[in-house]
Each structure stands twice: as structure tokens, then as C-alpha cells.
Amino acid sequence: MKYKPQLKIPATYMRGGTSKGVFFNLADLPEAAQQPGNVRDALLMRVIGSPDPYAKHTDGMGGATSSTSKTVIVSKSTQPNHDVDYLFGQVSIDTPFVDWSGNCGNLSSAVGAFAITQGLVDADRVPDNGIAEVRIWQANIGKTIVNKVPMQDGQVQEMGDFELDGVTFPAAEVAIEFMDPSADGEQMFPTGNLVDTFEVPGVGTLEATFINAGIPTVFLRAEALGYEGTELQEAINGDAAALTRLETIRAHAAVRMGLIGQVEEAVQRQHTPKLAFVAPGKTYTASSGKVIEANDIDLLVRAMSMGKLHHAMMGTAAVAIGTAASIPGTLVNQAAGGGERTMVNFGHPSGTLQVGAETLLKDGEWRAVKAIMSRSARVLMEGWVRVPAEVLD
């Protein structure tokens, strides 16, 4: 039998924040994959190495975690007053599925740098030295993100002394602004309440804050789940019963938030909503061995991503954390000590993260104006990825 040669597709492997993924210029994709659909999904899954029943991604570019099974497509923007359009695909590890329902806040920090190096940002908007403000249209959720990318001698500056917990080495700081991160045409609190009580069969009655800011997220009290809020990955990811229970809660939360109609549909919506649990600040040891002192943080947050406890914090979930923390009465705000605040510093499994948010109450409804945080990004490898030509059949 004669086999077709592999496809050779230009690609860049980048780290953005505490995630990494394969970045594509839309124009470089095979024509059949330049449009949404089964062909594009099949191509991206094969690039990552999914579905992989061994959960290793040995035959692909993925890292077999929710933080490393990611793909990004960038193109010249179709929107006025924007430089580029950015589309994010979260690739499932062990099932044939690409989730397009939300954004990746961490990889958002790498989009501006990628766009500049690809020549997708007009030259007159990119200084030789200083800060290039790249206006990004996040196509998954229809929102604007601004990357403030440092430039040095006409090139993106990647190296620097900015340290980010969850990332081993320092790099250049990239400030990110998530503009109007709450859902258009919908209440930021989909139930209309800052705190709800809801029943989860087999689990019990729980208090929750349901919020759609950055990404749909349900916040619970750590103590209600039997946790301290200081847990590291192995404490939860090694407990099959806990993972099942948390996924059950997430599925019922998705129904309560109006994201799906039936609990069974949650299996096809793994990326959203996120589930997180919060607790007041207390001293703990992060996964790096660094001691995080209680008086250095406002609260503790642990978040689930694609069925596992995240090793640090998703950028979009950080937007939700900052937004909820700024609104008196939410479970996040209560864990942080209550009151009004525009900035919060929270502890996660790898260390700490600071995020700011501007919110306003108008006509009885809360809106998020902007969320701000800093990440870093750099190119890990660039060239071509190769995939069997049969993926386009």
C-alpha cells in the first residue's frame, strides 16, 4: 500500500503565562482547515496527538495536560479598530474533541508577540523601542484584549526579569487588559444573585457564586468541599472519587448557569464553565517549595481545568477571580475579607498572582469594565509541524 507524505505546516510553539500551545497563522493552514469544522478539528487534534488513550501525547505536540493541549489561530482582524483576530482551541486529551467555547487567558499574553513577528500588525503601530499595544479580537467570546508587548531594536523583547509563579524562568513582562470581560447581552451573574444555593444529587446543597467574566466560572467555599484551599495537584488529581464529585458539581453548575440544557451535555463542554473553590488566606507551601505567607495574600483559590486541578491558575479564571473579588458579597469577596477592592492577590498551587478589576453597578446589574494582569511569553520553537495528509480526507 502506498501512503501519502505528511503535510508540512508553518507553526510556532509558544509559552504564554503558565500555558503553552501551537500557534498558527490562519493563512498558513491548509485551505480546507481555514474554515471552522471537522477538518480543522481533525488537523488540530492530530497536531496535538489526540485522542490519546495513554494520556501522554507521545505522537504529537501536546503535553497531556489542560495547560499544554492548546492551539491558537491568528489572522488579520476583520473587526474595526483591532489588529488581529485570535481563535483558541482547547484539545481534549483522550477524546476526539476540540472545545471552542472559551478563551485561554494565559495564551492571550502570547498573541501580540506572535502577531508582530508574523507581520500581522501594521508597521506604524509597532515602535522599534518601547511598548507596542496590540489590539486583539478574541473570536471565541467576541471580546477585546490588549497586549502591551515590549519592543527592543525592532524585535519583540522576550527576555527580562519578570517572574511568574508557575513558570520556571524569568522573562519580559507583558501587561494584558481584558476589556468588558462580562458576557454581552447577559447578566454577569446569570442567576441574578451574588450567592446562590443549589442542590447537587449525591453531593448535597452548596453555596455558589456563578459569574461570567473572562470565562463562565462557579466559585464554591473550600470548606464546603472538605478542603483547606491549600491543596496541591496530587491531593486532588490522585483522588478519582474527588474528581468525579467535582465534575458532577461542574455539570450541574453548567445547567444552573444556562450554558447547557441537560447535565449529560457537560461532557461535550469540558472547557467551560470552570469550577474553583476559595478560602481565606493562610500560610502554605507551594509546589515549588516556596512558602506563601498568609499576610502576603488576600485569599486562596484552587481551580479545575479539563477535569483536573490546575497547576497554577488559568488567566481567564483569574479575570473571574478579580472581578468577583471586587464586588462585595460574592464568595470570592467574602474569602478576601469583604469590602470594596480594585486589586486582589491570591494564592494558587504554584504561588501567587495579582489581578485587578474595574466593575460598576448600573440599573441594578453588575458589569465588568476591565480586568488587568501581567504575564510573560516567549517562543519555544518555530518551523513546521508535520501531520499525516489523511487528516484532511
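The following refers to the structure shown. Nothing here was measured: the structure is a model prediction, and the numbers come from that model.

1. Concerning the overall build of the protein
Right, so step 1: Looking only at helices and strands, the protein features six helices and 20 strands.
Right, so step 2: Relative to the 2.2 N^0.38 estimate, which gives 21 Å for 393 residues, the radius of gyration of the protein is 20 Å and therefore close to what a compact globule would have.
Right, so step 3: In the protein, which comprises 393 residues, the share counted as buried stands at 54%.
Right, so step 4: Contacts in the protein between residues at least 24 apart in sequence constitute 64% of all its contacts with a sequence separation of at least 6.
Right, so step 5: For the protein, the computed accessible surface area is about 16,400 Å², with 49% contributed by carbon and sulfur atoms.
Right, so step 6: Of note, the protein has its 31 positive side-chain charges centred 3 Å away from the centre of its 44 negative side-chain charges.

2. Considering the packing of aromatic side chains
Right, so step 1: Applying the stated criterion to the full structure yields three aromatic pairs.
Right, so step 2: Relative to Phe114, the ring of Phe23 has its centre 5.5 Å away and its plane inclined at 55 degrees; by these criteria the two rings are tilted. With Phe23 in strand β2 (residues 19–25) and Phe114 in helix α2 (residues 105–117), the pair connects residues that are 91 residues apart, well separated along the chain. We note that Phe23, like Phe114, is buried.
Right, so step 3: Centre to centre, the rings of Phe198 and Phe210 are 5.2 Å apart; their planes meet at 70 degrees, and the pair counts as edge-to-face. With Phe198 in strand β10 (residues 196–200) and Phe210 in strand β11 (residues 204–213), the pair connects residues that are twelve residues apart, well separated along the chain.
Right, so step 4: The class of Phe198 is buried, set by a relative accessible area of 3%.
Right, so step 5: The class of Phe210 is buried, set by a relative accessible area of 0%.

3. Quick word on the layout of surface pockets
A probe matching the size of a water molecule, rolled over the atoms, marks out where space remains unfilled.
Right, so step 1: Reported here for the largest pocket is a volume of approximately 870 Å³.
Right, so step 2: Contributions of two or more residues to the lining of the largest pocket are made by β2, α3 (233–237), α4 (240–256), β17 (308–309) and β20 (365–387).
Right, so step 3: The leading source of residues in the lining of the largest pocket is α4, at four residues.
Right, so step 4: Grouping the amino acids of the lining of the largest pocket by side-chain chemistry returns 13 nonpolar, 18 polar and seven charged.

4. A closer look at the environment of Pro96
Right, so step 1: Position of Pro96 among the secondary structure elements: in the loop between β4 (84–91) and β5 (98–99).
Right, so step 2: Between the C-alpha atoms of Pro96 and Arg46, which are 50 residues apart in sequence, the distance is 9.8 Å.
Right, so step 3: Setting aside residues up to four positions removed in sequence, Pro96 forms contacts with Met45 and Pro51.

5. Quick notes on the side chain of Asp52
Right, so step 1: Note that Asp52 resides in the loop between α1 (38–48) and β3 (70–76).
Right, so step 2: In this structure the side chain of Asp52 is engaged in a polar contact, spanning 2.6 Å, whose partner is the backbone nitrogen of His57.
Right, so step 3: When residues no more than four places from it in sequence are discounted, the contact partners of Asp52 are His57, Thr58, Ile93 and Asp94.

6. Digging into the pairing of β20
Right, so step 1: Bridging between strand β1 (residues 7–16) and β20 involves ten bridges; their strand directions are antiparallel. Note that in β20 the partner of Leu7 across the bridge is Val387.
Right, so step 2: Relative to β20, strand β9 (residues 173–179) runs antiparallel, the two being bridged by seven bridges. Residue pairing in the sheet places Ala175 in a bridge with Ser374 of β20.
Right, so step 3: Alignment of strand β19 (residues 351–362) against β20, held across seven bridges, turns out to be antiparallel. Bridging across to β20, Leu361 finds its partner in Trp366.
Right, so step 4: Remark: two residues form the turn of the hairpin made by β19 and β20, two consecutive strands paired antiparallel; Asp363 in that turn has positive phi of roughly 55 degrees.

About the thresholds
One numbering rule holds for all chains: residues counted from 1, following each sequence as written. With the structure being a predicted model, the display of local features is reserved for residues of pLDDT at least 70 and the display and counting of side-chain atom pairs for 80 or more, all residues being used for whole-chain, interface and lining totals. With hydrogens and water set aside, each side-chain value is computed from the structure's full complement of heavy atoms. Helix and strand assignments come from DSSP, with helices taken as H or I runs of at least 4 residues and strands as E runs of at least 2, each series counted from the N terminus. Values of the radius of gyration come from C-alpha atoms, whereas the globule rule sets the reference at 2.2 Å times the count of residues to the power 0.38. Relative accessibility thresholds used throughout: buried, under 20% of the residue-type maximum; exposed, over 50%; partly exposed, between the two (1.4 Å probe, protein chains only). Any two residues having at least one pair of non-hydrogen atoms within 4.5 Å are treated as being in contact. Per-residue and other accessible areas were derived by the Shrake-Rupley procedure at a 1.4 Å probe size, with only the shown protein chains allowed to occlude residues. Residues counted as positive are Lys and Arg, residues counted as negative are Asp and Glu, and His and the chain ends are not counted. Charged side chains are reduced to one point each, which is NZ for Lys, CZ for Arg, CG for Asp and CD for Glu. Aromatic pairing here means that ring centres of Phe, Tyr or Trp (its six-membered ring) are within 6.5 Å. Orientation follows from the plane angle: under 30 degrees is stacked, over 60 is edge-to-face, and everything else is tilted. Cavities and pockets are found on a 1 Å grid laid over the protein atoms alone: a cavity is a set of points where a 1.4 Å probe fits but cannot escape, a pocket is an open set with protein on both sides within 12 Å along at least five of seven lines, and a lining residue has an atom within 4 Å of such a point. Grid points are joined across faces, edges and corners, and a volume is the space filled by probe spheres set on the points. Ten residue types, Ala, Val, Leu, Ile, Met, Phe, Trp, Tyr, Cys and Pro, are classed as nonpolar, four, Asp, Glu, Lys and Arg, as charged, and the remainder, Gly among them, as polar. Here a polar contact is recorded for every N or O atom pair within 3.5 Å, except that within protein the pair must consist of a potential hydrogen donor and a potential acceptor, and residues adjacent in sequence are included only if both atoms are side-chain atoms. Strands pair, by our definition, only if DSSP identifies at least two bridges between them.

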